[in-house]
Amino acid sequence: MYYAARPEALEFADDLAARRNLDREWVRQAIGQAQFLPQIPRLMLPPPKGAPKNWRAYRSRFVEPVRIRAGLRFWEENQAALERAEREYGVPAEIIVGILGVETIYGQQMGNFRVMDALATLAFDFPAAHPRAAERAAFFRRELEQFLSLSDRSNTDPFGPRGSYAGAMGLGQFMPSSWVRYAVDFDGDGRIDLFHSAADAIGSVAHYFQGHGWVPGMPTHYAVQFDNARLQLDALLAPDILPTFSAASLQAQGVVLDDAAARHTGPLALVELQNGGDAPSYVAGTENFYAITRYNWSSYYAMAVIELGREVAAARAR
């Protein structure tokens, strides 16, 4: 099914063209030629409730020999760009390497959906069964708008780029709005190319984190233990991954911190990582841990990024 057959899609096209001062026929043609992809709405639905999360299983998908070897090659080939990004944006090379490894194995798996089709499908046929369907559909309409505006400004065919089923593009899987706001020409060739330029991807990921509150020199998390007699676990987990508690407040509620964590001056979050039927793992997440979750709203994702980066850094040191 082509969206030319959907009056609300063409009405959106007309409104977009008027607001953005784009050629009306070009926008109508682009949206009209986009195809509905029936598998995509199913992929957006959350997993069934009650399915246990398992950090160890999740970690094993990303912190594994193929990605570590690829990360080692990527770091060696792009050391200068990684060092420069760390200098200019304050984001450690291992965090950037972790992101690009988790997202696409350094460009090996960037997605094969036409971005135009994916965004149109999610803009106009987001699954109604999703608990936040209206909010998410509005988000994807904004992303479709950003994508077409970007295509117009760069004079590129909107049906050329391929990406994830959610419309994310390039080595770092940037959504169109993130491309517009944070992508940089880090290799200085006069254009931004997150598909083929490792340097542009490195600089853009670092710029993204800077824009989401990365604090240079701050750890991402600290180890914790518990004094079970005083532990107020439900209260500590209530804010989820948002750093809310001072180190002293965590300690008053039964969290045992080492000296470095106890001296931490910013807010912390108690992060729970479930391990299936086994006991969960816990860490105290800092504002930098939270910054990683701005890339993907998941503490499991953030820890996978951190640990993959550490493993690649350790492989370099050997």
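Shown above is the structure to which this text applies.
This section reports on the structure supplied with the text.

Thoughts on the overall build of the protein
Logical step 1: On a plain count of helices and strands, the protein comes out with 16 helices and 6 strands.
Logical step 2: Rg of the C-alpha trace for the protein: 21 Å, near the compact-globule value of 20 Å for 318 residues, within the 12% margin.
Logical step 3: Taken along the three principal axes of its C-alpha coordinates, the protein extends 65 × 45 × 35 Å.
Logical step 4: Residues classed as buried in the protein amount to 51% of the 318 residues present.
Logical step 5: Of the contacts made within the protein by residues no fewer than 6 positions apart, 71% connect residues no fewer than 24 positions apart.
Logical step 6: Accessible surface, the protein as shown: approximately 15000 Å² in total, 49% of it carbon and sulfur.

Observations regarding helix 9 (residues 133-154)
Logical step 1: Given a rise of 1.5 Å per residue, 22 residues ought to cover 32 Å, and the 31 Å separating the end C-alpha atoms of helix 9 matches this to within 8%.
Logical step 2: Burial in helix 9 covers these residues: Ala-133, Ala-137, Phe-140, Glu-143, Leu-144, Glu-145, Gln-146, Phe-147, Leu-148, Ser-149, Leu-150 and Ser-151.
Logical step 3: Next to the buried residues of helix 9 lie helix 1 (7-20), helix 2 (24-33), helix 3 (39-44), helix 8 (115-124) and helix 10 (176-182).
Logical step 4: Just beyond helix 9, the residue with positive phi is Asn-155, at close to 55°.

A look at unusual backbone geometry
Logical step 1: Located in the positive-phi region is Ile-105, a residue other than glycine, with phi close to 50°.
Logical step 2: Tracing the chain through its elements places Ile-105 in the loop between helix 7 (93-104) and strand 1 (113-114).
Logical step 3: Given the relative accessible area of 6%, Ile-105 is considered buried.
Logical step 4: With a phi angle near 60°, Asp-240 is a residue other than glycine that sits in the positive phi range.
Logical step 5: Topologically, Asp-240 is positioned in the loop between helix 12 (233-237) and helix 13 (247-252).

Focus: the sheet that holds strand 3 (residues 221-226)
Logical step 1: A sheet is described by the order of its strands in space; here 4 strands give the open sequence 4-3-6-5, paired in antiparallel fashion. Because the sheet does not close on itself, it has two edges, and the strands there are strand 4 (255-257) and strand 5 (269-275). Strand-to-strand twist in this sheet, taken as the mean axis angle between neighbours without regard to direction, amounts to 45°.
Logical step 2: Here strand 5 pairs with strand 6 (residues 278-285) via 6 bridges, running antiparallel. Looking at strand 6, one finds that Leu-273 is bridged to Ser-281.
Logical step 3: Along the sheet, helix 4 (residues 55-62) makes contact with strand 5 and strand 6, crossing strand 5 at roughly 85°.
Logical step 4: Along the sheet, helix 16 (residues 299-317) contacts strand 3 and strand 5; its crossing angle with strand 5, the most-contacted strand, is approximately 85°.

Thoughts on the nonpolar core
Logical step 1: Ranked by size, the top nonpolar core spans 95 residues in total, and within it Ile-31 and Phe-209 carry the most contacts.
Logical step 2: A total of 10 residues in this core trace back to one element, the largest contributor, which is helix 16.
Logical step 3: In terms of nonpolar packing, the next biggest core, distinct from the first, is built from 13 residues, Tyr-222, Phe-245, Val-255 and Tyr-282 among them.

Criteria and thresholds
- Residues numbered from 1 in each chain as written.
- Predicted model: local features only at pLDDT ≥ 70, side-chain atom pairs only at ≥ 80, totals over all residues.
- Heavy atoms only, no water.
- Helix = DSSP H or I, 4+ residues; strand = E, 2+ residues; numbered from the N terminus.
- Rg over C-alpha atoms; globule rule 2.2 N^0.38 Å.
- Buried < 20%, exposed > 50% of the residue type's maximum accessible area, 1.4 Å probe, protein only.
- Contact = heavy atoms within 4.5 Å.
- Areas by Shrake-Rupley, 256 points an atom, 1.4 Å probe, with all protein chains shown as cover.
- Expected span 1.5 Å × (residues − 1).
- Pairing = 2+ DSSP bridges.
- Axes fitted to C-alpha atoms, helices over the stretch in contact; angles between N-to-C directions.
- Core = buried A, V, L, I, M, F, W, Y, C linked by side-chain atoms within 4.5 Å.

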